[in-house]
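# Working through the structure, step by step
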Amino acid sequence: MNRDQIEGKWTEIKGQLREHYGELTANDLEEAKGDREQMEGVLQQKLGQSKEEVRKTVDDILAKV
């Protein structure tokens, strides 16, 4: 999914991320504003997961939307 597609579905993606990671705040997700790299960075910082773990989860979520 490219950046334009992510930005276009950002509301839906945010909802999926909040469902999967309940500890994420709206501010955490707004910080990324549809940028996948930044979104993965926020998730890594917030959750303490490896880049590979975060990337797989994000891939799974993006495949659902």
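Residues numbered from 1 in each chain as written. Predicted model: local features only at pLDDT ≥ 70, side-chain atom pairs only at ≥ 80, totals over all residues. Heavy atoms only, no water.

### Thoughts on the pattern of salt bridges
What counts is decided by this rule: When a carboxyl oxygen of Asp or Glu lies within 4 Å of a side-chain nitrogen of Lys or Arg, that pair is called a salt bridge. Secondary structure follows DSSP: runs of H or I at least 4 residues long count as helices, runs of E at least 2 residues long count as strands, and numbering of each begins at the N terminus. Partly exposed describes any residue whose relative accessible area lies between the buried limit of under 20% and the exposed limit of over 50%, with all areas from a 1.4 Å probe on protein chains only and scaled to the type maximum.
Evaluation of the coordinates by the stated rule reveals seven salt bridges. The partner of Lys46 in a salt bridge is Asp28, and the shortest N-O contact between them spans 3.2 Å. Taken together, the positions of Lys46 in helix α4 (residues 36–47) and Asp28 in helix α3 (residues 26–32) put the pair 18 residues apart, joining distant regions of the chain. For Lys46, a relative accessible area of 39% puts it in the partly exposed group. Measuring nitrogen to oxygen at the nearest pair gives 2.8 Å for the salt bridge that ties Arg55 to Glu40. Linking Arg55 in helix α5 (residues 51–64) with Glu40 in helix α4, this pair joins segments that are 15 residues apart in sequence. With relative accessibility at 31%, the residue Arg55 sits in the partly exposed group.

### Comments concerning the environment of Gly34
Along the chain, the position of Gly34 falls in the loop between α3 and α4. Taking the C-alpha atoms as reference, Gly34 lies 4.7 Å from Glu7; in sequence the two are 27 residues apart.

### Thoughts on the nonpolar core
Quick reminder of the rule: Nonpolar cores were defined as sets of buried Ala, Val, Leu, Ile, Met, Phe, Trp, Tyr and Cys residues, with membership established by side-chain atoms within 4.5 Å. A contact between two residues is defined here by any heavy atoms of the two lying within 4.5 Å.
Residues Trp10, Ile13, Leu17, Met39 and Leu43 are the most contacted members of the largest nonpolar core, which totals 15 residues. When contributions to this core are tallied by element, the ones reaching two or more residues are α2 (10–20), α3, α4 and α5. Looking at which element gives the most residues to this core, the answer is α5, with four residues. In this structure Met39 touches Trp10, Ile13, Leu17, Ala32 and Val58, once residues within four positions along its chain are discounted.

### With respect to the packing of α4 against α5
Short version of the rule: Helix axes are fitted to C-alpha atoms over the stretch in contact, other axes to C-alpha atoms as well, and angles between N-to-C directions run from 0 to 180 degrees. To sort the angles, those under 35 degrees are grouped as roughly parallel, those over 145 as roughly antiparallel, those from 65 to 115 as roughly perpendicular, and the leftovers as oblique. In this scheme, a crossing is called left-handed if the near helix is turned counterclockwise away from the far one by less than a right angle; it is called right-handed if the turn is clockwise.
At a closest axis distance of 9 Å, the pairing of α4 and α5 adopts a crossing angle of 125°. In terms of axis orientation, α4 runs oblique to α5. Judged by the sense of rotation from one axis to the other, the crossing of α4 with α5 is right-handed. Contact residues: α4 offers Arg36, Glu37, Met39, Glu40, Leu43 and Gln44, while α5 offers Lys51, Val54, Arg55, Val58, Asp59 and Leu62.

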